[in-house]
Amino acid sequence: MPDLREIVEVLLLQNYNTRLVVLSTTLLGIAAGLVGSFLLLRKRSLMGDALSHATLPGVAIAFAVMVALGGTGKSLPGLLLGATLSGIAGVATMLLIRHTTRLRDDVAMGFVLSVFFGVGVASLRMVQSMPGASAAGLESFIYGKTASMVHADFLIISIVAGLSSLACLIFLKEFLLLCFDDGFAASQGWPTLFLDILLLTLVTAVTVIGLQSVGLILVIAFLITPPTAARFWTQRLVPMLFIAAFIGGASGWLGASLSALTPQLPAGAVIVIVAAILFLISMLFAPVRGAIPRAVRQIRLRRKVDRQHLLRAAYEILEVQARDGVVRNEPFPLADLLGKRSWTPLQLRRILKIARREDHLETAAPGTIRLSESGFGEASRATRNHRLWETYLIQYADIAPSHVDRDADMVEHILGAKLVSQLETYLSDHDLALPVPPSPHPLAPASTK
Amino acid sequence: MHSESLNTQSTFPARNTEPRPEHPPEIPLAIHDLTVAYHRKPVLWDIELNIPEGKLVGIVGPNGAGKSTLLKACLDLVPLTSGWAHIYGKPYRKNRHRVAYVPQRESVDWDFPVNALDVVAMGAYRRLGWFRRVSKSETERAMDALEQVGIGHLALRQISQLSGGQQQRVFLARALMQDADLYLMDEPFAAVDAATEEAIVELLRKLSDRGKTCLVVHHDLATVTTYFDWLVLINMRVVADGPSGETFTRENLQKTYGGKLNLLEKAAEALRSTPL
């Protein structure tokens, strides 16, 4: 295990060699986040996957060609050029299949992905048996390996990543239109084919420079995970781009650092795992679309609805009990409450427990319920809102009085103060001087014994 | 089936040898001899059409009659097998700025990370040109367009949180942003609430009062004559067109919606089932 000093050294880029690796992977992550956002929004993720797998034959062939020309065959620019060309050939094959046959897109992509990858694996074996050349290390393009990076590689990766990121920002408006509504874009004279090719070029660029550090199998995860995670945090494109760039950059930085500390771990896998953890955090906790904040909002609303139902039921019981027309806060039997709504005894007990915790109830004799001062106030308010809404539905929405209770039940809980005062003006000629207007329909009698 | 005779041009119906109707220059939309085919299946055959200025035009016909394709053909969005469509006397690409297009609502992903105002601002993109960001004055215009369709208060809402009718209004506001003379709308009334339907009709009338021409693909025969003053009945070819009152006849509707497969459909069916 690396000790603390080593960890700090790597994370803070104090070692020259890891500094290069970590920095270039961070830049790659930023570019992947930006380009990946548009790839995701254009719904072309699968195409990116096929593209990255299609780069492998190019790596092997470029190696063979460079050896044949008398080199070592290990020059990164040469290998990346080969990867680019065969990636493009893969995409071209895909488009050819789409336009000349009536096969579905996913079939074309699956075909290209598996055939090109298969050819790549086979040709990799072949070049490894070429006499006079050592092809050892070419497999690292499959799973990714950062340790072998030199200064020139760093320059290539950083420059391509920088240019790709810049292109995303320059073509922001055009890409947005293309991804949202390509038909409208074309009708406006935007060259959608050119924009699609440009986007695919950026995807190719990021894929190719990602081959060395992340590897061709996992680079698609590096393109797709950051924007998918970013989407949980925001509802708008520009923040999404920046968050995706941040998540991509952070995964690249952390992933490359971790794999520098423990060289036996393949960098690509570590980077993708870090990105996946950030995705998981986003999916669970992001306030805008995350699962937990959403569940909390739902639970809160349900509790509010339960509470208002309970208090209104209590108020209506007190109304029926009232002898001289004045509703007083008196204790009443628990059994009455059970008959007011289709509560099971268990549900009712849970709701009562929450109401007690919120100080809406006071302790009363066993088997009876007594509202607290604040509970009684809240109860008359809830009842009033309900009746205002019911009256409105009967008067203006033409809903039968026999149905109005149920309909009002669904809406009243989300009435804001503004809506309530609007309702009051609409209904100003009704019995609104009363704190609580009478029910516009007969109340169900409380179940008696 | 006489498959051997269907492989060639001869499957298309004999061209009308009567003199072609004149196409006055400068009318909003003139279509001549227009034929469109998808995957060898003809969708529109030999369309001749003149749309006069300032009319509210309803395009009516059964499912698969080629109504949407007709709009797309006018906008250069589908390849034409033959013929042309001219906008104010010129090919579409020369007169783009005079046309606004409202695609079908289902044609886009409404879970996209943009708000209503962002979508409406897209109507200004052509004016802005490459790379220029949406300016403050264009944002104000977009806001104005949203007010015109009655949902200014929803400007900053993410588009998936709008109702179907509100989404349709967003699309209409985007078209208003384009400040065009000819509006092509693909089923703006599909699955919208009554209030939205009313708002759209009101908007169409306003546009028409300002001398704009609107072509609207429409489904509801009950409202056709009240909403539109000009009709195009279409089923792969133009069955009838002209002022609503004269065009909306039982006979024309029978021809458009006639239960029996008409000859064109039979031929199209034969083409589809013929292995080539």
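Thresholds, definitions, all that
- Here the residue index of a chain counts from 1 through its sequence in written order.
- Each chain is given a letter, starting from A, and each ligand a number, starting from 1, according to the order in which they appear as written.
- The predicted nature of this model means local features are confined to residues of pLDDT at least 70 and side-chain atom pairs, given and counted, to a pLDDT of 80 or more, with totals for whole chains, interfaces and linings taken over all residues.
- Strands are runs of DSSP state E lasting at least 2 residues, helices are runs of H or I lasting at least 4, and numbering of each runs from the N terminus.
- It is over C-alpha atoms that the radius of gyration is taken, and the globule rule equals 2.2 Å times the number of residues to the power 0.38.
- Whether a residue is buried, exposed or partly exposed follows from its count of other C-beta atoms within 10 Å of its own C-beta, namely 20 or more, 12 or fewer, or something in between, respectively; the C-beta atoms are built from the backbone.
- Our contact criterion uses C-beta atoms placed from the backbone: two residues qualify when those atoms are within 7 Å.
- What a helix should span is 1.5 Å times the count of its residues minus one.
- The pairing criterion for strands is at least two bridges between them, as found by DSSP.
- Axis angles are defined between N-to-C directions and span 0 to 180 degrees, where every axis is a line fitted to C-alpha atoms and, for a helix, only to the segment in contact.
- Each domain span listed reflects an automatic or database assignment of domains.
- Buried Ala, Val, Leu, Ile, Met, Phe, Trp, Tyr and Cys residues whose C-beta atoms connect them within 7 Å together make up a nonpolar core.
- These descriptions rest on fixed angle ranges, namely under 35 degrees for roughly parallel, over 145 for roughly antiparallel, 65 to 115 for roughly perpendicular, and the rest for oblique.
- What makes a crossing left-handed is the near helix being turned counterclockwise from the far one by less than a right angle; a clockwise turn instead makes it right-handed.
- Note that Gly is not counted as nonpolar here; it falls among the polar residues with everything else outside the nonpolar set of Ala, Val, Leu, Ile, Met, Phe, Trp, Tyr, Cys and Pro and the charged set of Asp, Glu, Lys and Arg.
- Predictor confidence is given residue by residue as pLDDT, running from a minimum of 0 to a maximum of 100.

Draft legend 1. A look at the overall build of chain A. Secondary structure assignment for chain A yields 20 helices and three strands. In terms of C-alpha radius of gyration, chain A reaches 33 Å, well past the compact-globule figure of 22 Å for 449 residues. Overall, chain A is about 110 × 60 × 35 Å in size when its C-alpha atoms are taken along their principal axes. Per-residue burial for chain A yields a buried fraction of 44% across its 449 residues. In chain A, the share of contacts with a sequence separation of at least 24, taken over all contacts with a separation of at least 6, comes to 72%.

Draft legend 2. How the structure looks around the overall build of chain B. Each helix and strand in chain B was counted, giving eleven helices and ten strands. Looking at the 276 residues of chain B, the share that counts as buried comes to 40%. Counted over contacts in chain B with a minimum sequence separation of 6, partners at least 24 positions apart contribute 70%.

Draft legend 3. Focus on helix H4 (residues 56–68) of chain A. All names here are of chain A. Spanning 13 residues, H4 covers 19 Å between terminal C-alpha atoms, matching the ideal 18 Å at 1.5 Å per step. Buried within H4 are the following residues: Leu56, Pro57, Gly58, Val59, Ala60, Ile61, Ala62 and Phe63. In this structure, the buried residues of H4 make contact with helix H3 (45–53), helix H5 (76–100), helix H6 (105–128) and helix H7 (140–143). After H4 finishes, the residue Gly70 shows a positive phi value of roughly 100°.

Draft legend 4. View of the sheet that holds strand E5 (residues 90–91) of chain B. All names here are of chain B. Within the open sheet, the four strands sit side by side as E2-E1-E4-E5. Their pairing is antiparallel. Sheet topology places strand E2 (41–51) and E5 at the edges, where each strand pairs with a single neighbour. Here seven bridges tie strand E1 (residues 29–38) to E2, and the two strands are oriented antiparallel to one another. Considered in E2, the bridge of Tyr38 is made with Lys41. Of the strands in this sheet, E1, E2 and strand E4 (82–87) touch helix H2 (residues 67–74), which is tilted by about 65° from E2.

Draft legend 5. Expanded view of the sheet that holds strand E1 (residues 332–333) of chain A. Residues and elements named next belong to chain A. Across the sheet, three strands lie side by side as E1-E3-E2; this open sheet has antiparallel pairing. Of all strands in the sheet, those with a lone pairing partner are E1 and strand E2 (361–362), marking the two edges. Across two bridges, E1 lies against strand E3 (residues 368–371) in antiparallel orientation. The residue bridging Phe332 from the neighbouring strand is Ile369, located in E3.

Draft legend 6. Expanded view of the domain arrangement of chain A. Split by domain assignment, chain A resolves into domain 1 (4–289) and domain 2 (294–426). The C-alpha centroid of domain 2 of chain A is placed 57 Å from the C-alpha centroid of domain 1 of chain A.

Draft legend 7. Examining the nonpolar core more closely. In this structure, Val35, Phe222 and Leu223 of chain A together with Val57, Val120 and Leu184 of chain B are the most contacted members of the largest nonpolar core, which totals 171 residues. Considering each element in turn, this core owes the most residues, 14 residues, to helix H2 (residues 16–41) of chain A. Setting aside residues up to four positions removed in sequence, Leu223 of chain A forms contacts with Ala32, Val35, Gly36, Leu39, Gly48, Val203 and Val206 of chain A.

Draft legend 8. Geometry of the packing of helix H13 (residues 237–261) of chain A against helix H14 (residues 267–285) of chain A. All names here are of chain A. Look at H13 against H14: their axes get within 8 Å of each other, and the N-to-C directions meet at 135°. Between H13 and H14, the angle is such that the two are oblique. Where H13 crosses over H14, the handedness of that crossing is right-handed. Across the interface between the two elements, Ile247, Ala250, Ser251, Gly252, Leu254, Gly255, Ala256, Leu258 and Ser259 of H13 pack against Ala267, Val270, Ile271, Val274, Ala275 and Leu278 of H14. Of the residues contributing to the contact of H13 with H14, the split by class is eleven nonpolar, four polar and no charged.

Draft legend 9. Quick peek at unusual backbone geometry. Residues and elements named next belong to chain B. Phi is positive for Asp46, close to 55°, though the residue is something other than glycine. Of note, Asp46 is situated in strand E2. Given 19 C-beta atoms within a 10 Å radius, Asp46 is considered partly exposed.

Draft legend 10. Quick peek at the interface of chain B and chain A. Taken together, the contacts link 19 residues of chain B with 19 residues of chain A. Looking at the side of chain B that touches chain A residue by residue, the classes come out as eleven nonpolar, four polar and four charged.

Draft legend 11. Layout of the environment of Gly29 of chain A. All names here are of chain A. Mapping Gly29 onto the fold places it in helix H2. Residue classification places Gly29 among the buried positions, given that 34 C-beta atoms sit within 10 Å. When the C-alpha atoms of Gly29 and Ala275 are compared, they prove to be 9.7 Å apart, with 246 residues separating the residues in sequence. When neighbours within four sequence positions are excluded, Gly29 is seen to be in contact with Phe222, Gly248, Gly249, Ser251, Gly252 and Trp253.

Draft legend 12. Broad picture of the packing of H3 of chain A against H6 of chain A. Residues and elements named next belong to chain A. H6 packs onto H3 with a crossing angle of 20° between their chain directions and a minimal axis gap of 8 Å. With respect to H6, the axis of H3 lies roughly parallel. Judged by the twist between their axes, the crossing of H3 over H6 is left-handed. Between H3 and H6, the contacting residues are Leu46, Met47, Asp49, Ala50 and His53 on the first element and Asp106, Met109, Val112, Leu113, Phe116 and Phe117 on the second. A class-by-class count of the residues in the contact of H3 with H6 yields eight nonpolar, one polar and two charged.

Draft legend 13. Inspection of the environment of Gly89 of chain B at higher detail. In this fold, Gly89 of chain B is placed in the loop between E4 and E5. Judged by local crowding, Gly89 of chain B falls into the partly exposed class, with 14 C-beta atoms found within 10 Å.

Draft legend 14. The pairing of strand E8 (residues 213–218) of chain B, seen in detail. All names here are of chain B. Counting buried positions along E8 gives six out of six residues, so the element sits mostly inside the fold. The alternating pattern of E8 places Thr213, Leu215 and Val217 on one face and Cys214, Val216 and His218 on the opposite face, and all of these are buried. As defined by bridge partners, strand E3 (residues 56–60) adjoins E8 across five bridges and the pair is classed as parallel. Within E8, the position partnered with Ile59 by the bridge is Val217.

Draft legend 15. Highlighting the environment of Arg174 of chain B. Residues and elements named next belong to chain B. Take Arg174: it is sitting in helix H6 (residues 164–177). Linking Arg174 and Leu146, residues 28 residues apart in sequence, is a C-alpha distance of 8.3 Å. The residues touching Arg174, leaving out its near neighbours within four places in the chain, are Val119, Val120, Met122 and Gly123.

Draft legend 16. Just the confidence of the model for chain B, in detail. Averaged over all residues, the pLDDT of chain B equals 86, while 85% of them reach at least 70. For this predicted complex, the interface score ipTM comes out at 0.86, while the overall pTM is 0.85.

Draft legend 17. Region of the structure containing the pairing of strand E10 (residues 237–243) of chain B. Residues and elements named next belong to chain B. Strand direction decides the pairing type here: strand E9 (residues 230–235) and E10, joined by six bridges, are antiparallel. Residue Trp230 lies in a different strand from E10, and its bridge partner there is Pro243. Linking E9 to E10, which pair antiparallel, is a turn of one residue; within it Met236 sits at a positive phi near 70°.

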